[in-house]
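# Report on the structure
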Amino acid sequence: MRSVRSKIIAAGLVLGLAGAAAWQLLPEDGNGSGAIRVGTSDVLSSLDPAGAYDAGSWALFSNVYQALLTIKPGSDTPAPDAASTCNFVGHKLTTYQCELRPDVKFSNGRAITAEDVKFSFDRIKEINSEQGPAPLFNTLDSVKADGRMVTFNLSAPDATFPFKIATGAASIVDREKYPAKALREGGKVDGSGPYTLSRYKEGASVELKPNASYKGQGKPAHVPVTVKYFKDSAQLDQAWKSRDVEVAHREMPPEVLAALNPGLKDTRYQASGGTETRSMVFNVRQGSTTAAPAVRQAVAAVLDRSKVATDVYKGTVTPLYSLVPAGVAAHGTPFFDTYPAPNGATAKKLLKDAGITTPVPVSLGVNTRGANLPEAEELKRQLESTGLFQLTLKPVEEWTDFQKAYAAGEFDAYTIGWIADFPDADNFLSPLVGADSSMNNGFSDKNIDALIARTQSFSDRGEAAADFRELQKMVTQQAPMVPIWQKKDYVMSREAVTGAQYLSDGTGVWRLWELNWL
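On a predicted model such as this, the values are computed, not experimentally measured, just so you know.

The rules we used
- Residues numbered from 1 in each chain as written.
- Predicted model: local features only at pLDDT ≥ 70, side-chain atom pairs only at ≥ 80, totals over all residues.
- Heavy atoms only, no water.
- Helix = DSSP H or I, 4+ residues; strand = E, 2+ residues; numbered from the N terminus.
- Rg over C-alpha atoms; globule rule 2.2 N^0.38 Å.
- Buried < 20%, exposed > 50% of the residue type's maximum accessible area, 1.4 Å probe, protein only.
- UniProt positions renumbered as here; feature names shortened; annotations may be inferred.
- Salt bridge = Lys/Arg side-chain N within 4 Å of Asp/Glu carboxyl O.
- 1 Å grid on protein atoms, 1.4 Å probe; cavity = no way out; pocket = protein on both sides within 12 Å on 5 of 7 lines; lining within 4 Å.
- Points joined across faces, edges and corners; volume = space filled by probe spheres on them.
- Nonpolar A, V, L, I, M, F, W, Y, C, P; charged D, E, K, R; others polar.
- Core = buried A, V, L, I, M, F, W, Y, C linked by side-chain atoms within 4.5 Å.
- Contact = heavy atoms within 4.5 Å.
- Pairing = 2+ DSSP bridges.
- Right-handed = clockwise from strand over helix to strand, strands pointing away.
- Axes fitted to C-alpha atoms, helices over the stretch in contact; angles between N-to-C directions.

## A few points about the overall build of the protein chain
Each helix and strand in the protein chain was counted, giving 14 helices and 20 strands. Taken over the C-alpha trace, the protein chain has a radius of gyration of 22 Å; the compact-globule value for 518 residues is 24 Å, and the two agree within 12%. On the principal axes, the C-alpha backbone points of the protein chain span a range of 65 × 55 × 40 Å. Buried positions account for 57% of the 518 residues belonging to the protein chain.

As structure tokens, this is what we get:
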């Protein structure tokens, strides 16, 4: 995540909302009934919010859990959900308070209390799962519960904090059902979202039923929904063609997306201006061949993003030259400014000046879902064609195994996607290259951390723009990550289904409750 599957934000930060979308419709007779089936190749890695920081899990969380805040469709600012009001106390941006709605309940009927909220945040920090969202709350020092009031005490000013508690990471769980120091097992969910989880088949599907007791910002759910999880985009495409699903989202094969057009029968599609990005992340721990900055810089110098975009993704992605993507305030092109075109001579000089023997052996980890493996093969071809690198691909099929492997430092480099948790440049820098990075690649830099902290102190996010640009330059110099591309987000649905456009509206919230039959 998101993650995704996303403070006080300037209007310019909104991430490609409805105005950037293309919605195609061809009429067809007939109405549906029963559960709407949604297909995805995303992975549901955990049902427990303390154990997941990925788009597939957070997509489900936004439907079965509630957070204190959420993001409304078409908006770029947090709005109350389980809370009735939330505000910073004073002007230091170090104390944040929320008052719970008086009528909010878990689906089992028990009233949600401030103690449940405190418990939910405390256990994230206590469990500190390597695959969990604890890095997102690096400024959270303590949580206090008093009546219906929840007070968050922050270790440093953090204008982004309201957005963080509007994400799946801040899902409120029932303290009587979830262990305080371990992840919950058993395939059960106790939340207060628009849906309840009625059935769970690990790795295959979840069945959701409308939660009659839901009270919050969203609309009540209209119909049951079954989410089907497919091993890869090819299987999702086959399910779509076989009419085993009525909605397909994340991720159809590139050639299918490239061929979308208004003439397709019984197919609606939306291509929204998303900010999903993909990067190559380097292991900088001692002993890795990519620990030397010159090796990482040399990779950046020869990477041909355009070839990846056209040959692998059929033009459905755009080359990216910054960790902060286009469409987000403070976006720049520092990697292009430094390495304007793939240049083997530049890379060779970087390695020679650093005294590094070539070819440099690099193990590249890759999760095999979607077009990830063809992408890795193209990266291998590009780097090896210079004679400066020798890549060994390390494919890993299961997403959770892949997460554990890169966290353990089993690869010299790996490729990974990133979806905004919230629409601010901070979310493309702090969790990626800041202290306790969710990338788990061993990178840390005190100057970068200090500048990140400074950007979080501005309630007017426009005032942080210059610092964000400087941060991107610093990242380019050290290259702990090298951005490859960003892409739009595509949703396909049958003509008999309405509301599918709300699965991708730039806010990071997967609004299954908006789905209905015509």
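## A look at the UniProt feature "domain: Solute-binding protein family" (unreviewed entry) in the protein chain
Following the UniProt record, the feature "domain: Solute-binding protein family" (unreviewed entry) maps to residues 80–437 here. Annotated as residues 80–437, this span is 25% helix and 24% strand, and its ends, taken at the C-alpha atoms, are 29 Å apart.

## Remarks on the pattern of salt bridges
Throughout the structure, instances matching the rule amount to 26 salt bridges. Between arginine 381 and glutamate 378 there is a salt bridge, and its shortest N-O distance comes to 2.8 Å. Of the two residues, arginine 381 and glutamate 378 both sit in helix α10 (residues 372–384), 3 residues apart, roughly one turn of that helix. Exposure remark for arginine 381: the relative accessible area of 43% places this residue in the partly exposed category. Exposure remark for glutamate 378: the relative accessible area of 10% places this residue in the buried category. Among the charged side chains, a salt-bridge network with shared partners connects Arg110, Asp116, Asp174, Arg175 and Glu176.

## A short note on the layout of surface pockets
Take a probe with the size of a water molecule and roll it over the atoms, and the empty space left behind shows itself. Here the second largest pocket is characterised by a volume of approximately 700 Å³. For the second largest pocket, the lining is made up of 30 residues, of which Leu44, Ser45, Ser46, Glu202 and Thr400 are closest to its centre. Per-element accounting of the lining of the second largest pocket gives the leading share, 4 residues, to helix α11 (residues 399–407). Counted by class, the lining of the second largest pocket contains 9 nonpolar, 10 polar and 11 charged residues.

## Focus: the nonpolar core
Counting residues in each nonpolar core, the largest one holds 110 residues, and the members touching the most others are Phe152, Ile165 and Leu512. When neighbours within four sequence positions are excluded, isoleucine 165 is seen to be in contact with Ala67, Leu68, Leu69, Tyr96, Cys98, Phe121, Phe137, Phe152 and Ala170.

## Quick word on the pairing of strand β16 (residues 389–396)
Within a regular beta strand, the side chains point alternately toward one face of the sheet and then the other, so they alternate between its two faces. Two strands pair when backbone bridges link them, and strand β15 (residues 360–367) and β16 are joined in this way by 8 bridges, in the parallel orientation. Looking at β16, one finds that proline 361 is bridged to glutamine 390. Handedness of the crossover joining β15 and β16 through α10: right-handed.

## With respect to the sheet that holds strand β8 (residues 149–154)
Think of a sheet as strands paired side by side through backbone hydrogen bonds, with each pair either parallel or antiparallel. Taken in spatial order, the 4 strands make up an open sheet running β5-β6-β8-β7, and their pairing is antiparallel. Two strands bound the open sheet, and with one partner strand each, they are β5 (83–88) and β7 (140–146). Across the sheet, the mean angle separating the axes of adjacent strands is 15 degrees when strand polarity is ignored. Strand direction decides the pairing type here: β7 and β8, joined by 6 bridges, are antiparallel. Of the residues in β8, the one forming a bridge with lysine 144 is threonine 151.

## Structural notes on the pairing of strand β9 (residues 195–201)
Of the pairings in the sheet, the one linking β9 to strand β10 (residues 205–210) comprises 6 bridges and is antiparallel in character. Residue pairing in the sheet places lysine 201 in a bridge with serine 205 of β10. The loop that links β9 with its antiparallel partner β10 comprises 3 residues; one of these, glycine 203, has a positive phi angle of about 75 degrees.

## Considerations on empty space enclosed by the protein
The volume enclosed by the second largest cavity comes to roughly 50 Å³. Lining the second largest cavity we find Pro135, Leu136, Asn138, Lys164, Phe422, Asp426, Asn427, Ser430 and Pro431. Considered class by class, the residues forming the lining of the second largest cavity number 4 nonpolar, 3 polar and 2 charged.

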